[in-house]
Every structure is written in structure tokens, then in C-alpha cells.
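Here is how the chains run, residue by residue.
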Amino acid sequence: MPRPPAADFAALVARLEAILGRVEGLLPPAPPPPDWKATAFRWRKRGGRGHLEAVAHPHAIRLDDLVAITEQKRAIDGNTRQFVAGLPANNVLLTGSRGTGKSSLIKAMLTRYSRRGLRLVEVDKADLVDLPDIAAAVDGRRERFIVFCDDLTFDAGEPGYKALKVMLDGTIAAASPNMLIYATSNRRHLLPEYFSENLETRHVGEEVHPGESIEEKISLSERFGLWISFYPFSQDDYLSAVGSWLAAFGVAAPKSPREAEARTREALQYALQRGSRSGRVAWQFARSHAGATALRRRSPA
């Protein structure tokens with residue numbers, strides 16, 4: 001075939017460039033590069049492409065602000081300290097009663113170890129399928145990254161379930177040495193459990209063998225190397241948490257037994273209205289009480 005004249009060829013190139021320009025205008029913009037000076041990130045999706053978005057004001061929680069969970073603090077602090085030091089450490093699953101400090105404990109790790117290179121990446125359950133992309137984004141960085149999945153529960157067949165399972169322990173590639181997964185859940189096995197599944201249980205002699213459905217649900221939580229359980233607060237635990245959070249908000253201690261009794265009564269009434277005694281309710285009461293107290297001081301007599 002004869003070669004087209006130069007003028008026709010130039011026109012063809014110009015037309016192709018115009019078409020490519022219109023196509024590029026339809027594509028989503030490239031995600032911005034991560035701000036590695038930040039200590040906390042969220043994994044965000046834009047136009048189907050994920051990126052690390054810096055959190056301008058991370059929720060700063062001190063480990064000493066959390067009460068009634070002494071053993072839980074010791075366990076997660078030890079694991080995180082190993083991780084920050086570049087030593088072997090485990091992925092962590094924190095399970096149990098709501099409002100008892102599971103998420104706060106993970107945030108407290110960032111407050112405690114951010115100056116030593118710890119970073120936190122919050123990931124929604126729907127985006128767990130992007131875990132390999134997150135691992136690739138932080139691979140080779142000198143910082144240590146905790147991928148934080150809050151309030152994690154799955155329904156059967158959800159894609160994030162398989163992605164998490166593979167990332168924890170089920171791929172031919174070794175896990176990134178500078179990344180761990182810390183997840184919280186109200187369910188020990190992360191999946192709903194049904195009474196009918198107990199019918200699959202078999203008895204072999206004196207041994208009990210769970211059915212395949214139960215084994216499948218257990219298999220995910222077992223891939224976390226460290227399980228930390230949380231339990232409902234007693235009244236004393238709740239009041240201790242109230243006192244700790246009031247001090248954190250700068251509220252002075254009661255000046256008399258009568259004032260102390262009134263504050264205790266107010267805190268218990270608040271919990272009764274919420275139908276729960278927990279660290280979260282104690283924090284909410286302390287915020288309300290501290291704000292109201294400060295407002296009264298500002299108001300003219």
C-alpha cells in the first residue's frame with residue numbers, strides 16, 4: 001500500500017490526538033500522592049481508583065485515659081511495641097461488648113507510637129478488596145502501618161471477606177513486613193451464626209467435630225494471631241471511666257462528698273437513659289458534663 005501524503009498523515013495524527021484528548025477528559029483524574037508527613041490516613045475511592053488520604057486531625061486518645069481494660073491494654077501495647085521495633089508481631093482481632101474501648105485502644109496506639117514511626121490507615125469494609133493495593137502503596141516505606149478495620153462483620157459471600165482472609169494468611173506472597181491488620185468486631189467469628197449449623201456437628205467417640213459451616217466461620221478469626229476480648233462494664237468500671245474522662249476534659253474533682261454524690265447520681269442517671277454502662281457512654285457523659293460546666297462559668301451571674 002502506498003504511503004499517504006504528508007499532509008494527510010498530519011491530519012490523521014491531529015484527529016487521533018483530538019480523540020485521545022476527549023477520551024482522557026472522560027477518565028477520572030489520577031489520585032494525589034500520599035502526604036507521608038501525616039500519621040493517619042483513610043483509604044478513599046475516586047472513580048474506581050483508591051488512594052491514601054491524610055487525616056488532618058486524628059482522634060488523639062491517651063492510653064492512660066482508658067480504664068477497666070488493663071489486660072487488654074497490656075496485650076495490644078506489647079504487640080504494637082514489637083511491631084514498631086521491627087520485630088515479629090501479630091494481626092489483632094478485638095471483639096466483645098460495644099462501647100468498651102476496642103476502637104479507642106487502637107487509636108491510643110497511634111498516639112503513643114506515632115513519633116516512633118507508627119501510622120494508621122482506616123479502611124471501610126467495602127474497600128477490603130483493595131488490601132493488596134494498600135499493601136503495595138506502603139511497601140518499602142520505613143514507617144510501620146496498621147490497617148484499621150472498625151466494627152467488622154460480614155454476610156456470607158461478601159468479597160471483602162475473602163480478600164481479608166487471603167491477606168491475613170493465604171497468599172503465595174509473604175505479607176508486607178511493615179503492615180499489620182487490627183480489626184474490631186462485636187462478633188468473635190465475624191460472621192452471623194445460626195442454630196441450624198449446630199446440626200452439622202458430628203460426634204466421633206467422645207470427640208466433637210464442628211460442621212463445615214462452623215469451620216469456615218472460625219477459619220477467618222483464627223488467622224488473626226492475637227485475639228483480645230472485651231466485657232461489659234460493671235458500675236464501678238463505668239464510674240471509674242467517668243472520672244478519668246472528666247479529668248481528661250479538665251473538670252476538677254468534687255470539692256465535697258455531697259458534690260461527689262451528686263455527680264455520681266448524674267452519671268448513673270445518664271447511663272440509665274442510654275440503657276448501657278460502657279466506656280463510650282462514660283466519654284459521652286463527660287463531654288456533656290464538661291461542656292455544661294464550662295458554659296455556666298461563662299454565663300453572667
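As a starting point, this report considers the structure included with it. (Residues numbered from 1 in each chain as written. Predicted model: local features only at pLDDT ≥ 70, side-chain atom pairs only at ≥ 80, totals over all residues. Heavy atoms only, no water.)

Considerations on the sheet that holds strand β9 (residues 226-230)
Strand order across the open sheet formed by seven strands is β2-β1-β4-β5-β6-β3-β9, with mixed pairing between neighbours. Strands with a single pairing partner mark the edges of an open sheet, and in this sheet they are β2 (49-54) and β9. The sheet shows a mean angle of 25° between the axes of neighbouring strands, taken without regard to direction. Pairing between strand β4 (residues 118-122) and strand β5 (residues 144-149): five bridges, direction parallel. (Pairing = 2+ DSSP bridges. Helix = DSSP H or I, 4+ residues; strand = E, 2+ residues; numbered from the N terminus. Axes fitted to C-alpha atoms, helices over the stretch in contact; angles between N-to-C directions.)

Quick notes on the packing of aromatic side chains
Taken as a whole and assessed by the stated rule, the structure comprises four aromatic pairs. Centroid distance W245 to F249: 6.4 Å. Interplanar angle 35°. Geometry classified as tilted. One aromatic cluster is present, built from ring pairs that chain together W36, F41 and F145. Sitting over the face of the ring of W36, R141 holds its NZ or CZ atom 4.2 Å from the ring centroid. (Phe/Tyr/Trp six-rings, centres within 6.5 Å; stacked < 30°, edge-to-face > 60°. Lys NZ or Arg CZ within 6 Å of the ring centre and 35° of its normal.)

Looking at the environment of W43
Tracing the backbone shows W43 in strand β1 (residues 40-46). Using a relative accessible area of 4% as the deciding quantity, one classes W43 as buried. In the structure, W43 is positioned 81 residues away from D124 in sequence and 7.7 Å away in space, judged by C-alpha atoms. Discounting chain neighbours no more than four positions away, the residues touching W43 are G50, H51, L52, E122, V123, D127, D130, D133 and I134. Of the polar contacts made by the side chain of W43, one reaches the side chain of D130; its length is 3.0 Å. (Buried < 20%, exposed > 50% of the residue type's maximum accessible area, 1.4 Å probe, protein only. Contact = heavy atoms within 4.5 Å. Polar contact = N/O pair within 3.5 Å; in protein donor to acceptor, adjacent residues only side chain to side chain.)

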